[in-house]
Amino acid sequence: MQDITRLTAAELSRSIHARSVSCVAMMEAYLDRIDRVNPALNAIVSLRERGGILDDACACDRELADGHSRGWMHGFPIAIKDLSEAKGLLCTWGSKLFEDFVGQTDDTHVERIRAAGAILIGKTNTPEMGLGSHTTNSVFGATRNPFDNGRSAGGSSGGAAVAVAARLLPVADGSDMMGSLRNPAAFNNIVGFRPSFGRVPSGKGNEIFMRQLATAGPMARNVQDAALLLAIQAGYDVRDPQSLPNEALDIRPEADHAGTRIAWLGDFGGYLPFEDGVLDVDRKALNVFSAIGCEIEEIVPQFDMDTLWMSWVTLRAFNAGNGLLPLYSDPEKRPLINAQAVWEIERSLRQTSAEIFDASVVRSDWYKLVCQLFERYDYLVMPSAQVFPFDIDKKWPDEIAGRQMDTYHRWMEVVIGPSMAGLPVAAMPAGFGPNGLPNGIQIIGRPRGDRQLLQFALAYEQASGINTTPLA
């Protein structure tokens with residue numbers, strides 16, 4: 001009998017609704033695999049008791065027998081990233097300060113996933129407060145890369161990425177401010193999709209207007225599954241006035257991409273350092289684009305990239321640091337906050353309103369430049385990460401190609417451009433280096449061009465032949 005966990009999410013949904021696979025059988029297959037594989041990887045945390053999960057699966061089978069489906073994800077096992085609240089489940093944010101906190105409500109995208117029929121079985125691991133692209137924290141420890149257990153899974157959606165790559169879940173939710181969907185996708189050879197800002201409503205609709213850097217999005221083993229999950233997460237919500245209107249996100253292969261214009265940004269003209277071999281892997285993707293008829297031009301954006309970095313650092317600290325300030329201000333809680341969070345908080349305290357305004361001007365200028373690029377090119381392509389998965393015991397890469405990293409997150413600078421512009425990004429596998437470790441690329445679409453980008457990413461996926469499910 002075929003291993004149920006090897007079915008794509010789309011195949012799984014069809015099988016469930018055709019009743020050729022029961023919800024209980026599906027759930028048992030995933031729980032058995034979690035029992036066998038997760039202890040070595042530590043991707044799923046706060047796992048519910050097995051009996052209660054199977055009772056929920058039985059209820060889903062009874063509903064189907066009565067002719068009722070909750071939706072596309074009917075009976076699916078799902079574990080929510082541990083930065084989002086899910087009613088009745090622990091939500092620790094990877095922090096000792098919240099290790100006993102139980103979610104009282106669902107965040108908006110969680111609410112929608114539950115309404116689509118998914119059974120919430122637990123959470124996926126994340127760095128403390130989601131800061132830093134390395135999934136480790138003082139509550140649950142580190143999540144390990146399935147291709148090399150001694151390596152990082154990336155982050156902050158590291159637990160989600162590993163759960164998908166290791167077939168512990170059919171799909172997973174993630175979120176992305178500074179590459180948190182894109183870096184772990186690259187490190188785990190899967191698909192991560194950062195939607196246009198506003199495509200997926202934020203939080204519970206109670207987010208501050210100024211917080212326009214992070215977004216939730218899907219992770220999957222293929223583009224079609226990512227698009228299906230995004231369609232569940234996306235759509236206008238009156239509680240979030242910045243959320244975008246509902247829009248069809250169904251995708252289908254397009255036959256002809258001849259003449260599609262691609263700008264390859266690479267290392268930004270030598271501005272960004274890369275670990276040896278990363279760009280060699282990522283350039284393999286350019287051969288795929290050429291094979292389907294795309295026209296590729298390597299460009300260097302005419303922009304002061306270091307100024308863009310300083311703008312990013314200022315706006316990120318403004319968003320992340322100020323939100324954590326109450327914890328920092330409490331002398332009993334401050335010792336329990338990690339170095340990354342303290343860095344953001346203390347920087348936010350030093351910033352002036354004029355500096356924040358100036359950073360916003362730089363961001364606006366960057367957006368204008370990107371729009372000008374899209375007058376000449378259909379897609380922008382760049383690496384998803386500047387390094388291969390690194391030693392799991394390392395806090396973060398402090399040096400790349402002989403260049404010292406001056407902050408805990410500078411090694412991920414390659415991802416900030418799309419975040420600053422609020423653009424949709426498909427993080428796609430590019431292949432493996434001689435070290436056997438994966439890396440990937442970002443395909444960046446036009447403003448709000450999510451569906452078009454997904455269709456192009458599907459064409460790349462089909463032409464690349466990259467196997468995203470190699471694990472036994």
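Predicted model, so just to flag it, every value in this text is computed and none were measured.

As enumerated under the stated definition, the model contains 26 salt bridges in all. Here Arg446 makes a salt bridge to Asp378, at a shortest N to O gap of 3.1 Å. Taken as a pair, Arg446 in the loop between β17 (438-444) and α13 (450-464) and Asp378 in the loop between α11 (353-373) and β13 (379-383) lie far apart in primary sequence, 68 residues in all. When salt bridges that share partners are traced, they join Glu111, Arg112, Asp237 and Arg239 into one network.

Another point: the sheet that holds strand β1 (residues 44-45). Strand order in this open sheet of three strands is β1-β3-β2, and the pairing throughout is mixed. The open sheet is flanked by β1 and β2 (77-81), the only strands paired with a single partner. Sheet analysis places β1 next to strand β3 (residues 119-124), joined by two bridges and oriented antiparallel. Looking at the pairing, Val45 lines up with Lys123 of β3.

Okay, the sheet that holds β13 next. An order of β8-β10-β9-β16-β17-β13-β11-β12 is seen for the eight strands of this open sheet, with the pairing classed as mixed. The open sheet has two free edges, formed respectively by β8 (172-176) and β12 (295-298), since each of these has just one partner strand. Within this sheet the neighbouring strands show an average axis-to-axis angle of 30 degrees, counted without direction. Where β13 and β17 come together, four bridges link them in antiparallel fashion. The residue bridging Val381 from the neighbouring strand is Ile443, located in β17. Sheet strands in contact with helix α8 (residues 278-291) are β11 (261-264), β12, β13, β16 (425-432) and β17, and its direction is about 50 degrees off that of β17.

Parameters and conventions
Residues numbered from 1 in each chain as written. Predicted model: local features only at pLDDT ≥ 70, side-chain atom pairs only at ≥ 80, totals over all residues. Heavy atoms only, no water. Salt bridge = Lys/Arg side-chain N within 4 Å of Asp/Glu carboxyl O. Helix = DSSP H or I, 4+ residues; strand = E, 2+ residues; numbered from the N terminus. Pairing = 2+ DSSP bridges. Axes fitted to C-alpha atoms, helices over the stretch in contact; angles between N-to-C directions. Contact = heavy atoms within 4.5 Å.

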